[in-house]
Amino acid sequence: MRTVVKVERCRPPDTSEYKGVWVFVEQRDGSISSVAYELLGAGRRLANELKTHLSAVLFSSTEDEAEELINWGADKVYHCSSPIFKDFNDEPYSQLLFNLIELHKPEVVLAGATPIGRSFIPRVAARLKTGLTADCTTLEIDKGNLLQIKPAFGGNIMATILCPDHRPQIATVRPGAMKRGEYSLDRKGEIIPVSAGNLACRTRVVATIKEVSKCMVNLQEADVIVAGGRGLGDAKGFKIIEELARLLGGVVGASRAAVDEGWIPYNRQVGQTGKTVCPKVYIACGISGAAQHLVGMQSSDIIIVINKNPDATIFDVATHGIVGDVYKVVPLLIKKLKEAKVE
Amino acid sequence: MNIIVCIKQVPNTEEIKIDTETNTLMREGVSSIINPYDLHSIEAALQIREKMGGTVIAITMGPPQAEDALRAAISMGVDDVRLISDRAFAGADTLSTSYTLCKAIEKLRYDIIFCGKQAIDGDTAQVGPEVAEFLNIPHIAYVKKIDNITTESIKVHRLLDDGYDVVESSLPVLLTVVRELNLPRLPSLKGKMTAKKAVVVKMDLNAIGAEEKDVGLKGSPTKVKDIFSIKAKTDRRMLQGNIEEQVDILVQELFSQ
């Protein structure tokens, strides 16, 4: 036998010792990932409801935006600045976060469901022997417990998960699923420097290669998304979708059906297997509304639905539904928008 | 090189329908398959064995019928299998599953452990990293390419949101893999014959040396409170009038934004 490890599972801790909501703030090359601001928004709301404080935890290799995290809602920022956090390696990240949790005992810990969060947070949960829920899209408080709602079975259903007897309750949260909190320069908070100490690491990042796809970034940051689905009939249908998007200063999205048909690249896909978005305006054209698509867009502020089938599920989430042929309604909309612009 | 591949038998989620009356999954008639990501794990393990020699063992935790998944792995070419199965393991969440797998893996020899990125039923992607933590070995998640392996170390490409990292690790290591890694082979006729005759070794609670309180539902800190289908939101606000009038309202609405 190569490795002999003694793993002991222990009794659940007394949950009342655990206080406070924590948000793990992910950074790459010193810039904070946008999901961190969404987590601060969600974390603030949960902390208020639990009548407790909100702390941000930031590991970085630069002296950076710890102050900003207070403006975004944190009461405390635990900041560890060390060269070891220049690259992402699971072991030092999980070990230091574990150490801090053991010391300060928060009741809730949130992290982004990004490749980084979903890789190292499970190690933290395993070491703490507590529960972890992946890729949550809704978080609520019920009798002091965190209700963690997540898609499962490929987005076909949602599950509500509880971690009643163990603390902390840890969740990774889907980027784009939560709204940012209110930014205010008037907020007061405390920055607590943390020393890295002696962190072991058996992996090493040899090189980092960036391959950012522009429209992917655009999709999650856009104020307006015009999305097309199978109802367009063919790839050419996306021409009018693009025209409408351009006119509204937005970007093009698509349902999985349209992507599977090969009409448009995968990086435009909205939904459980694509991107979760919450723009100000989402216009769904010829999309029937499979559950896995709805998960990805239903928190948009205004949802305009154009579909010729009055029974299409997508009308259930519509703020403004129009039953009609996409090829009649969209060109008419384009024409009238152009006229209105001239006026 | 001793390689362990952790696989899971899952319902084919593409066939799953929801009973909207009861908000439950209609599992009847839904076929069971090897979690698709795990096929890429098996392929990666076989390729390393072909290059460096050694043994590939596929393991799975599940009910007795999960044996089918192990036989399918044998038909692809793995050398041996273990079925980690006991009534006590039922209802396990990710922590409890990872702990159970860790206890079973401790009884085996390994240099590399492969897991699929995630299973398509739970979609958690947590079991791989949690197993690595319980075993106290490093892991690399979202592996899309294996660059180089020696008897001491491995170099891989790890997929991230904004590109990829080239990461080196000492062995033993656990890797979770994405679909870009390779194209899984189909079972050969000879493989199918071997699979038919193979003896599937079972490991129960006693064999892995765990206690009942630490496994299955009892060892699971998380509980599923309920499941529901997504059609909860029913705004369904429809515009009235003829198309022309409806479009006029839209134009106004879009301009007020």
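Here goes a summary of the coordinates provided. The model shown is predicted, which means the values in this text are computed figures rather than measured ones.

A few points about the overall build of chain B
Alright, step 1. Within chain B, the regular secondary structure consists of seven helices and 14 strands.
Alright, step 2. Counting only C-alpha atoms, chain B reaches 75 × 40 × 40 Å along its principal axes.
Alright, step 3. Every one of the 257 residues in chain B was classed for burial, and the buried ones make up 56%.
Alright, step 4. Look at the contacts in chain B between residues 6 or more apart in sequence, and 71% of them connect residues 24 or more apart.

A few points about the nonpolar core
Alright, step 1. With 38 residues, the main nonpolar core has Ile42, Val78, Ile112, Phe114 and Leu175 of chain B as its most contacted residues.
Alright, step 2. Ignoring sequence-local partners within four residues, the contact set of phenylalanine 114 of chain B consists of Ile3, Ile4, Val5, Cys6, Ser41, Ala44, Ala45, Ile48, Ile146, Leu175 and Val177 of chain B.
Alright, step 3. Counting 34 residues, the second-largest nonpolar core is a separate cluster that includes Leu244, Ala245, Ile264 and Val329 of chain A.

Thoughts on the packing of aromatic side chains
All names here are of chain A.
Alright, step 1. In the structure shown here, the tally under the stated rule is 13 aromatic pairs over all chains.
Alright, step 2. With 5.1 Å between their ring centres and 65° between their planes, phenylalanine 24 and phenylalanine 120 make a pair best called edge-to-face. In this pair, phenylalanine 24 sits in strand S1 (residues 21–25) while phenylalanine 120 sits in helix H4 (residues 115–128), placing the two residues 96 residues apart along the sequence. For the pair phenylalanine 24 and phenylalanine 120, one class covers both residues: buried.
Alright, step 3. Summarising the aromatic geometry, the rings of tyrosine 93 and phenylalanine 120 are spaced 5.3 Å apart at their centres and angled 65° between planes, so their arrangement reads as edge-to-face. Placement of tyrosine 93 in helix H3 (residues 90–104) and of phenylalanine 120 in helix H4 is noted, with a sequence separation of 27 residues between them.
Alright, step 4. Look at phenylalanine 120 and you get buried, because its relative accessible area is 0%.

Overview of the sheet that holds strand S13 (residues 201–203) of chain B
Two modes of strand pairing occur in sheets, parallel and antiparallel, and in both the strands are linked by backbone hydrogen bonds.
Alright, step 1. As summarised here, the arrangement of the 10 strands in space is S13(A)-S11(B)-S10(B)-S9(B)-S12(B)-S8(B)-S1(B)-S6(B)-S7(B)-S13(B), forming an open sheet in which the pairing is mixed. If you trace the sheet from one side to the other, it starts and ends with strand S13 (203–210) of chain A together with S13 of chain B, each paired once. This sheet shows a mean twist of 30° between the axes of neighbouring strands, independent of strand direction.
Alright, step 2. Across five bridges, strand S6 (residues 55–61) of chain B lies against strand S7 (residues 80–84) of chain B in parallel orientation. Looking across to S7 of chain B, one finds that methionine 61 of chain B is bridged to isoleucine 84 of chain B.
Alright, step 3. In the packing of helix H3 (residues 94–105) of chain B onto the sheet, contacts are made with strand S1 (2–7), S6, S7, strand S8 (112–116) and S13 of chain B, and the angle to S6 of chain B comes to roughly 145°.

Structural notes on H4 of chain A
All names here are of chain A.
Alright, step 1. Given a rise of 1.5 Å per residue, 14 residues ought to cover 20 Å, and the 21 Å separating the end C-alpha atoms of H4 matches this to within 8%.
Alright, step 2. Of all 14 residues that make up H4, 13 are buried, and the element is covered over most of its length.
Alright, step 3. Looking one or two residues past H4, lysine 129 carries a phi angle of roughly 55°, positive in sign.

Concerning the sheet that holds strand S14 (residues 224–228) of chain A
Alright, step 1. With parallel pairing, five strands are arranged side by side in an open sheet as S15-S14-S16-S17-S18 (chain A). Looking at which strands have only one partner, the edges of the open sheet turn out to be strand S15 (251–254) and strand S18 (320–323) of chain A. On average, each strand axis in the sheet is inclined to that of its neighbour by 15°, with strand direction left out of account.
Alright, step 2. When S14 of chain A meets strand S16 (residues 281–285) of chain A, the two strands line up parallel, connected through five bridges. Note on S16 of chain A: the bridge partner recorded for valine 224 of chain A is valine 281 of chain A.
Alright, step 3. Where helix H9 (residues 326–342) of chain A meets the sheet, it contacts S16, strand S17 (302–307) and S18 of chain A, and its direction lies at approximately 130° from that of S17 of chain A.
Alright, step 4. Those strands touched by helix H7 (residues 243–256) of chain B are S16, S17 and S18 of chain A, and its axis lies near 155° from that of S18 of chain A.

Quick look at the interface of chain A and chain B
Alright, step 1. Taken together, the 88 residues of chain A in the interface contact 83 residues of chain B.
Alright, step 2. Of the roughly 7800 Å² buried between chain A and chain B on both sides combined, carbon and sulfur atoms contribute 58%.
Alright, step 3. Taken together, chain A and chain B are joined by seven salt bridges.
Alright, step 4. Measuring nitrogen to oxygen at the nearest pair gives 3.8 Å for the salt bridge that ties arginine 28 of chain A to aspartate 165 of chain B.
Alright, step 5. Take the side of chain A that touches chain B: its biggest share by element is nine residues, from H4 of chain A.
Alright, step 6. Tallied by class, the residues present in the side of chain A that touches chain B amount to 47 nonpolar, 20 polar and 21 charged.
Alright, step 7. Both S13 of chain A and strand S11 (residues 163–170) of chain B contribute to a ladder of seven bridges, which runs antiparallel. Residue pairing in the sheet places arginine 204 of chain A in a bridge with glutamate 168 of chain B of S11 of chain B.

What counts, and at which threshold
Residues numbered from 1 in each chain as written. Chains lettered and ligands numbered in written order. Predicted model: local features only at pLDDT ≥ 70, side-chain atom pairs only at ≥ 80, totals over all residues. Heavy atoms only, no water. Helix = DSSP H or I, 4+ residues; strand = E, 2+ residues; numbered from the N terminus. Buried < 20%, exposed > 50% of the residue type's maximum accessible area, 1.4 Å probe, protein only. Contact = heavy atoms within 4.5 Å. Core = buried A, V, L, I, M, F, W, Y, C linked by side-chain atoms within 4.5 Å. Phe/Tyr/Trp six-rings, centres within 6.5 Å; stacked < 30°, edge-to-face > 60°. Pairing = 2+ DSSP bridges. Axes fitted to C-alpha atoms, helices over the stretch in contact; angles between N-to-C directions. Expected span 1.5 Å × (residues − 1). Buried area = accessible area lost by both parts, 1.4 Å probe. Salt bridge = Lys/Arg side-chain N within 4 Å of Asp/Glu carboxyl O. Nonpolar A, V, L, I, M, F, W, Y, C, P; charged D, E, K, R; others polar.

Nothing here speaks to function; it is all geometry.
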